[in-house]
Amino acid sequence: MRIKITLSSDKPGTINFNYQHQIQGIIYQFLAMSDPDYSAWLHKQGFVYRGDKNFKLFVFSGITFHSPIKIADGFAFKGTPSNLFNLSFQIASPVNQFIQHLIDGIFKEGQEIKLGRQCLNVHRVETLPEYRIQNSEDRRQNICGSDIGGFPPDSCILTPEFLIFKPLESPIFIKKPMPKGERDIYLFPGDKNYEEFLNQNLIHKFETLYGKPYEGETLKFDFQFEQLERFNRLKRFKPVKSFKVYKNGIVADEIKGTLQPFTVTGSKELIKIGLDCGFGQNNSMGCGYVEPAQIS
């Protein structure tokens with residue numbers, strides 16, 4: 001299920017460039033308002049895969065600004081009581097308990113929240129259409145979602161032969177497994193083993209979520225965007241995005257991922273895992289949230 005949260009401000013302000021850890025903090029704050037034990041368990045442990053890997057099984061997008069901004073010491077904006085400044089981000093998870101605690105916590109928390117040092121108001125919370133992937137000769141249909149209060153009655157129909165995705169300011173992150181003490185190596189489309197690790201990550205999430213081995217086919221990815229020029233939204237993109245990872249308020253790492261659009265074909269089950277949990281690693285830190293590209 002996917003949730004869209006719109007925040008607003010009636011004053012000028014600034015959002016930090018590295019806001020991902022702040023959004024992550026807000027999510028755990030919402031969960032804690034509903035159930036502190038669940039929030040603490042998910043943050044510290046989460047869903048264990050084969051005893052040595054942990055998944056949170058949720059992903060969130062980057063911020064979408066709905067009015068002009070200026071780049072200064074961050075993303076500077078202007079809001080007034082008569083002209084609110086709005087921004088939004090999206091959260092997805094296949095775990096109903098997570099979604100329910102998130103929704104309950106949002107309403108218990110109240111209208112005002114803090115994103116870093118910036119005070120904002122919860123302006124709107126919406127459920128977005130479910131993605132249903134089915135084999136069909138028809139191209140996908142876009143159907144509007146509904147306000148929060150239950151699962152949306154409609155859905156977006158996606159057909160695997162036409163799927164084109166772009167990360168929503170949420171880079172796809174793949175790190176090559178390295179021996180302890182050796183420097184991390186980040187992989188990008190075209191690098192050896194990139195698609196193998198991407199598929200492996202999706203399979204591990206599938207097996208963690210459903211508690212059974214995955215026996216289907218793997219996905220095939222195509223990051224060759226010269227083939228995608230007819231799609232207006234894909235003509236301009238930033239190929240790489242990096243941001244800092246914080247632990248206990250201290251910068252612990254700086255990760256790098258790709259914002260390249262891509263096509264994917266293959267298993268409907270793995271595509272759905274990617275949509276619900278995120279493609280690639282570090283999804284709960286703001287990596288791997290994608291959406292179907294608008295077809296012009």
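Look up: the structure comes first, before these words.
Below is a summary of the structure that appears in this document. Since we're looking at a predicted model, the values are computed, not measured.

Some remarks on the environment of Ile71
At step 1: In this structure, Ile71 sits in strand β7 (residues 70-71).
At step 2: With 56 residues separating them in the primary sequence, Ile71 and Ile15 have C-alpha atoms 9.9 Å apart.

Section: unusual backbone geometry
At step 1: In this structure, Glu169 is a non-glycine residue whose phi angle is positive, near 50°.
At step 2: The residue Glu169 is located in the loop between β15 (164-167) and β16 (174-176) in this model.
At step 3: For Glu169, a relative accessible area of 27% gives the class partly exposed.
At step 4: Although it is not a glycine, Asn282 sits at a positive phi angle of roughly 55°.

Focus: the pattern of salt bridges
At step 1: Per the stated rule, a full pass over the model turns up three salt bridges.
At step 2: Two residues, Arg50 and Glu207, come together in a salt bridge whose shortest N-O distance is 3.6 Å. Remark: Glu207 occurs in helix α4 (residues 194-210) and Arg50 occurs in the loop between β3 (47-49) and β4 (53-55); sequence separation between them is 157 residues.
At step 3: Arg50 gets classed as exposed once you look at its relative accessible area, which sits at 67%.

Digging into α4
At step 1: With 17 residues, α4 ought to run about 24 Å at 1.5 Å a step, and its terminal C-alpha atoms sit 25 Å apart, in line with that.
At step 2: Buried residues dominate α4, accounting for 12 of its 17 residues.
At step 3: Looking at α4, one finds that the buried residues are Tyr194, Phe197, Leu198, Asn199, Asn201, Leu202, Ile203, His204, Lys205, Phe206, Glu207 and Thr208.
At step 4: Gly211, located one to two residues past α4, shows a positive phi value of around 65°.

Cut-offs applied
Residues numbered from 1 in each chain as written. Predicted model: local features only at pLDDT ≥ 70, side-chain atom pairs only at ≥ 80, totals over all residues. Heavy atoms only, no water. Helix = DSSP H or I, 4+ residues; strand = E, 2+ residues; numbered from the N terminus. Buried < 20%, exposed > 50% of the residue type's maximum accessible area, 1.4 Å probe, protein only. Salt bridge = Lys/Arg side-chain N within 4 Å of Asp/Glu carboxyl O. Expected span 1.5 Å × (residues − 1).

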